[in-house]
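Below, each chain spelled out in residue letters.
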Amino acid sequence: MMENGATRHFVIDRARMFDLAATSEVVRLLGERAFGARDAGWHLAFRQRLWWASVVFPAAGEVPFADGPDFMPYFRAAIPAPNTRFEAQSIGNALPLCFKHATGIALLPNPSAGMAEASYVLSFGDLDNLWRFDGLAERPVADIPFSENSDILVGSPNAEFLPPHLASALLFHIRTGWKIAEPRVALALKPGYTPTLVLDVVPDDLTGVEERFRPTAYNRLAWYLPPNMPMFGSKSASFARSMVPLSSFVMEN
């Protein structure tokens, strides 16, 4: 792989090798387009290569998580430094920790870089998308037009739609960030529209959230969701009958 006219050589000291060619492709793609020029096709190609690439994790004893500029938590993975030995890891190996601690992944340009230097970030929802949908999930149609609710079917989600790792992350954020102990959820469906998660929390309920964060509270919660899962807050009686505790989807330890 060429960078600044020189060939970069990645050397590992582990019998099981991950895909160094994919690592080279990751670096190439990062340098190929400026941040603002990265379209959906670029992101898909990048994430699929990143999934197989050989990366570096924090050394034993180091704190593996850090908050990003968006105040959300991330696991710190890094592109290996050229011409150095390293223990090869992959993004997939970090998923159990990320799902357990409700974090995303920040890809750093080298193992000593800080979070402000991150080359790329994957939200918790991005990781769920990679794990469940091979990174291919996208919002195929507009959200359900809730103002036209005559054709909306309401039910309860199942564990396939709302798996334990996702339910646990949402519950943790709502309990710790929103100070709401037992949120409830339902599922809204309308032919031709994306199934939508309905939460029994509306803006007036966010009294436990700092006032400056209330306008973006739902955007922060959406950070945990894959792109094919829109979300809506409602106190409507038509949804209330199908609401079930979010905690019922969390797997007991």
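Structure first, text after, so check above.
Note that the structure is predicted; figures quoted are calculated from it, not measured.

About the cut-offs
- Residues numbered from 1 in each chain as written.
- Predicted model: local features only at pLDDT ≥ 70, side-chain atom pairs only at ≥ 80, totals over all residues.
- Heavy atoms only, no water.
- Helix = DSSP H or I, 4+ residues; strand = E, 2+ residues; numbered from the N terminus.
- Buried < 20%, exposed > 50% of the residue type's maximum accessible area, 1.4 Å probe, protein only.
- Lys, Arg positive; Asp, Glu negative; His and termini not counted.
- Charge placed at Lys NZ, Arg CZ, Asp CG, Glu CD.
- Core = buried A, V, L, I, M, F, W, Y, C linked by side-chain atoms within 4.5 Å.
- Contact = heavy atoms within 4.5 Å.
- Pairing = 2+ DSSP bridges.
- Axes fitted to C-alpha atoms, helices over the stretch in contact; angles between N-to-C directions.
- Parallel < 35°, antiparallel > 145°, perpendicular 65-115°, else oblique.
- Left-handed = near helix turned anticlockwise from the far one by under 90°.
- Nonpolar A, V, L, I, M, F, W, Y, C, P; charged D, E, K, R; others polar.
- Phe/Tyr/Trp six-rings, centres within 6.5 Å; stacked < 30°, edge-to-face > 60°.

Caption draft 1: Focus on the overall build of the protein chain. Within the protein chain one finds 7 helices and 13 strands. Oriented by its inertia axes, the alpha-carbon framework of the protein chain measures out at about 65 × 40 × 35 Å. When each of the 253 residues of the protein chain is scored for burial, the buried share is 45%. Each charge class in the protein chain can be summarised by its mean position, and for the 22 positive and 26 negative side chains these summaries are 2 Å apart.

Caption draft 2: Just the nonpolar core, in detail. Judged by nonpolar contacts, the single largest core of 60 residues is most densely connected at Phe46, Ile105, Leu107, Leu162, Leu170, Trp178 and Tyr224. Ranked by residues supplied to this core, first place goes to helix H5 (residues 164-177) with 6 residues. Non-local contacts of Leu170, meaning those with residues more than four positions away in its chain, are made with Leu162, Leu197, Leu221, Tyr224, Leu225 and Leu246. Ile144, Ala186, Val198 and Phe239 belong to the second largest nonpolar core, which has 7 residues in total.

Caption draft 3: Looking closely at helix H4 (residues 124-133). The buried fraction of H4 is high, at 7 of 10 residues. Along H4, the positions that sit buried rather than exposed are Phe124, Gly125, Asp126, Leu127, Asp128, Asn129 and Leu130. On its buried face, H4 is in contact with helix H2 (40-52), helix H3 (91-101), strand S7 (104-108), strand S8 (120-122) and H5.

Caption draft 4: Seen up close, the pairing of strand S10 (residues 184-189). With 3 bridges joining them, strand S9 (residues 153-155) and S10 adopt antiparallel strand pairing. The residue of S10 that forms the bridge with Gly155 is Leu187. Inspection of the sheet shows S10 paired to strand S13 (residues 244-245) by 2 bridges, in the antiparallel sense. Across the sheet, Arg184 pairs through a bridge with Pro245, a residue of S13. By the bridge criterion, 4 bridges tie S10 to strand S11 (residues 196-199) in an arrangement that is antiparallel. Bridge pairing links Ala186 to Val198 in S11. Between S10 and S11, which pair antiparallel in sequence order, lie 6 residues; one of them, Gly192, sits at a positive phi of approximately 90°.

Caption draft 5: Structural view of the packing of helix H1 (residues 20-32) against H2. Two elements in contact, H1 and H2, have axes separated by 8 Å at closest approach and are oriented at 150°. Comparing their axes, H2 and H1 come out roughly antiparallel. Read as a crossing pair, H1 and H2 show a hand that is left-handed. Here Ala22, Glu25, Val26, Leu29, Leu30 and Glu32 of H1 come into contact with H2, specifically with Trp42, Ala45, Phe46, Arg49, Leu50 and Trp52. Partitioning the contact of H1 with H2 into residue classes produces 9 nonpolar, no polar and 3 charged.

Caption draft 6: The arrangement of the packing of aromatic side chains in detail. If you walk through the whole model with that rule in mind, you get 12 aromatic pairs. For the pair Phe71 and Phe213, a centre-to-centre distance of 6.3 Å together with 65° between the ring planes defines the contact as edge-to-face. Of this pair, Phe71 sits in the loop between strand S4 (65-67) and strand S5 (73-78) while Phe213 sits in the loop between S11 and helix H6 (217-222), and the two are 142 residues apart along the sequence. Site record: aromatic cluster; members linked through ring pairs are Tyr74, Phe99, Phe124, Trp131, Trp223 and Tyr224.

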